[in-house]
Amino acid sequence: MKAAINRQFRLAVRPVGNIKQSNFEYREEPIPSPSDGEVLVRNVYLSLDPTNRIWMSDMPQYMPPVEIGQVMRGVVLGVVEESKNPNFQTGDLVSGLLGWQDYALALGNSGLDITRLPQPLPCPLTAFLGPLGATGCTAYFGLLEIGQPKAGETVVVSAAAGAVGSIAGQIAKIKGCRVVGITGSDEKCRWLLEELGFDAAINYKTADLETALAQSCPNGIDVYFDNVGGSILDAVLTKINLHARIPLCGLIATYNATSPVPGPSNYSQILMKRVRVEGFIILDYLPRWSEAINDIAQWLNQGKIKYALEIVEGLENAPSAILKLFDGNKKGKLVVKVSESPTI
Ligand SMILES: NC(=O)c1ccc[n+]([C@@H]2O[C@H](COP(=O)([O-])OP(=O)(O)OC[C@H]3O[C@@H](n4cnc5c(N)ncnc54)[C@H](OP(=O)(O)O)[C@@H]3O)[C@@H](O)[C@H]2O)c1
């Protein structure tokens, strides 16, 4: 059902430290009407991602930061409500950077692009924000292209019970590796071990990390899928093997920093062990996403990959829900349900 207004969250003030509600301005606007070439999309699911924190800042980054006063940028799954574009019809399911709002104009002069999802859907709609979306592609290309894991090697994943980490670890298992996950609670450790088939799991909030890594990785570490940076990277470097690979996926331990973050204090090990560290941004792999999606869809069907979703009800809760990415109070992929899904 169509809401009478378009609720929006706009960026009001750039955060210093943790994100606060006051960083956003809540607005109610009329629902826009599409002009020729445009479509009106009703947002159904909004993805909350650590990169939202980067976009809110004005640090040098891989996309332009969100401007003060702009609708907060966010990946959305939605349904076309009205189309003045011959390539899209009412009812089409689409994804795009449609933002923290109930409705968005896309295509034409709107400046926003959309991609149509397959119909009928081969899986629940939300999977397109998880394993069959950017999340799954990030895990796939980061691990396989940059990590180059070989059967029998030891792969360590940080933020392992999160959206990307949980998929990366399972792909490493499929490739025959010993997989060790690092995460922030005993309950998440149990999930990694009992549901996802990790070989070992470490609660970095309670364990002595260097000791725990030595116990869990008796043959050292060949691939470190780094979602975090900071002190976890330093601990991993103490156990890193000759010619190891480190796909640098994210640095969530540093996104809320209020002063410059020093580099790893065990940086010397990258030289001594001839380690290859490579940062990557998943958008660079866009032309190849279908490779990842085809493989991951097959692994999902075969039950070799499982995923969890934390669904927060209501757009109004987006500014508080995003904190779950930083306090770790969720498992798997974090999404906000903005409106009713037309299908599953
Ligand atoms: N390069 C790319 O193209 C790309 C694409 C997508 C995501 N990423 C990056 O990948 C990483 C994971 O993203 P995601 O979407 O999958 O998020 P996520 O893992 O689902 O959520 C973030 C998790 O990070 C952990 N965390 C938060 N602060 C931490 C800290 N100070 N130290 C250690 N762990 C901390 C929390 O779990 P715990 O309970 O384990 O602490 C939290 O659940 C992020 O760094 C993100 O920026 C990169």
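Thresholds, definitions, all that
- Residues numbered from 1 in each chain as written.
- Predicted model: local features only at pLDDT ≥ 70, side-chain atom pairs only at ≥ 80, totals over all residues.
- Heavy atoms only, no water.
- Core = buried A, V, L, I, M, F, W, Y, C linked by side-chain atoms within 4.5 Å.
- Buried < 20%, exposed > 50% of the residue type's maximum accessible area, 1.4 Å probe, protein only.
- Contact = heavy atoms within 4.5 Å.
- Phe/Tyr/Trp six-rings, centres within 6.5 Å; stacked < 30°, edge-to-face > 60°.
- Helix = DSSP H or I, 4+ residues; strand = E, 2+ residues; numbered from the N terminus.
- Polar contact = N/O pair within 3.5 Å; in protein donor to acceptor, adjacent residues only side chain to side chain.
- Pairing = 2+ DSSP bridges.
- Salt bridge = Lys/Arg side-chain N within 4 Å of Asp/Glu carboxyl O.
- Expected span 1.5 Å × (residues − 1).
- Near = heavy atom within 4 Å.
- Nonpolar A, V, L, I, M, F, W, Y, C, P; charged D, E, K, R; others polar.
- Axes fitted to C-alpha atoms, helices over the stretch in contact; angles between N-to-C directions.

Trainee: What exactly am I supposed to notice about the nonpolar core here?
Mentor: Most often, soluble globular proteins have nonpolar side chains that are buried together. Membership of the largest hydrophobic core comes to 48 residues, with the highest contact counts inside it found for Leu125, Tyr140, Phe141, Leu143 and Ile171. Apart from the residues lying within four places of it in its own chain, the contact partners of phenylalanine 141 are Ile146, Ile282, Tyr285, Arg288, Trp289, Glu291 and Ala292. If you look at the next biggest cluster of nonpolar residues, it comprises 31 residues, including Val66, Leu98, Val312 and Ala318.

Trainee: Mind showing me how you'd approach the packing of aromatic side chains here?
Mentor: The geometry of an aromatic ring pair comes down to the distance between the two centres and the angle between the two planes. Evaluated as defined, the whole model comprises six aromatic pairs. Aromatic pair phenylalanine 9 and phenylalanine 24: ring centres 6.4 Å apart, planes at 80°, arrangement edge-to-face. Highlighted residues: phenylalanine 9 in strand S1 (residues 6-11) and phenylalanine 24 in strand S2 (residues 24-29), separated in sequence by 15 residues. Exposure class is identical for phenylalanine 9 and phenylalanine 24. Each is buried. Ring centres 6.2 Å apart and planes at 35° place the aromatic pair tyrosine 140 and tryptophan 299 in the tilted group.

Trainee: Would you mind showing me how to read the side chain of serine 57 here?
Mentor: Note on placement: serine 57 falls in the loop between helix H1 (51-56) and strand S4 (76-83). Ignoring anything within four residues of it in the chain, the contact list for serine 57 reads Arg14 and Pro65.

Trainee: What is the right way to look at the environment of aspartate 92 in this model?
Mentor: Counting through the fold element by element, aspartate 92 comes out in the loop between S4 and strand S5 (93-96). Not counting the four nearest positions on each side in its chain, aspartate 92 is found in contact with Gly78, Val79, Val80, Asn87, Arg116 and Gln119. One polar contact links the side chain of aspartate 92 to the main-chain amide nitrogen of glutamine 89, over a distance of 2.9 Å. Within the local environment of aspartate 92, its side chain forms a polar contact with the side chain of arginine 116, the two groups lying 2.7 Å apart.

Trainee: What is the right way to look at the pairing of strand S11 (residues 221-225) in this model?
Mentor: Taken residue by residue, a regular strand's side chains alternate between the two faces of the sheet. Buried residues dominate S11, accounting for five of its five residues. Pairing of strand S8 (residues 154-157) with S11 involves three bridges; the strand directions are parallel. In the strand pairing of S11, valine 157 is matched with phenylalanine 225. Pairing of S11 with strand S12 (residues 240-248), which is carried by two bridges, proceeds in the parallel orientation.

Trainee: Teacher, can you tell me more about the pattern of salt bridges here?
Mentor: As a working rule, side chains carrying opposite charge can pair if their charged atoms are close by. Scanning the entire structure with this criterion turns up 17 salt bridges. Among the ionic pairs, glutamate 316 bridges to arginine 7, the shortest N-O distance being 3.0 Å. Remark: arginine 7 occurs in strand S1 and glutamate 316 occurs in the loop between strand S14 (309-313) and helix H9 (318-321); sequence separation between them is 309 residues. Shared partners join several salt bridges into a network, and the residues in it are Arg10, Glu25, Arg27 and Glu29.

Trainee: When you look at helix H3 (residues 163-174) in this model, what are you seeing that I'm missing?
Mentor: Note on helix geometry: an α-helix contains 3.6 residues per turn, so any two residues three or four positions apart are oriented the same way. Spanning 12 residues, H3 covers 17 Å between terminal C-alpha atoms, matching the ideal 16 Å at 1.5 Å per step. Here H3 lies mainly inside the structure; 10 of its 12 residues are buried. Residues of H3 that are buried: Ala163, Val164, Gly165, Ser166, Ile167, Ala168, Gly169, Gln170, Ile171 and Ala172. Backbone geometry just after H3 places glycine 176 at a positive phi near 85°.

Trainee: Help me understand the site of the ligand, please; the structure alone is not making it clear to me.
Mentor: The environment of the ligand is formed by 27 residues, the closest being Val164, Lys188, Tyr204, Ile282 and Lys330. Here tyrosine 204 contributes a side-chain N or O atom positioned 2.6 Å from an oxygen atom of the ligand. For the ligand, a nitrogen atom lies 2.9 Å from a polar atom in the backbone of cysteine 249. For the shell around the ligand, the elements supplying multiple residues, two or more each, are H3 and helix H10 (324-327). Taken together, the residues of the shell around the ligand sort by class into 17 nonpolar, eight polar and two charged.

Trainee: Whenever I open this one, the sheet that holds strand S13 (residues 276-279) confuses me. Can you help?
Mentor: Consider a sheet: its strands pair through backbone hydrogen bonds, and that pairing is either parallel or antiparallel. Pairing is parallel across the open sheet formed by six strands, whose spatial order is S10-S9-S8-S11-S12-S13. The open sheet has two edge strands, strand S10 (200-203) and S13, and neither has a second partner. Neighbouring strand axes in the sheet, compared pairwise and without regard to direction, differ in orientation by 15° on average. Along the sheet, helix H4 (residues 186-195) contacts strand S9 (178-183) and S10; its crossing angle with S10, the most-contacted strand, is approximately 170°.

Bear in mind that shape data such as this cannot, by itself, settle questions of function.
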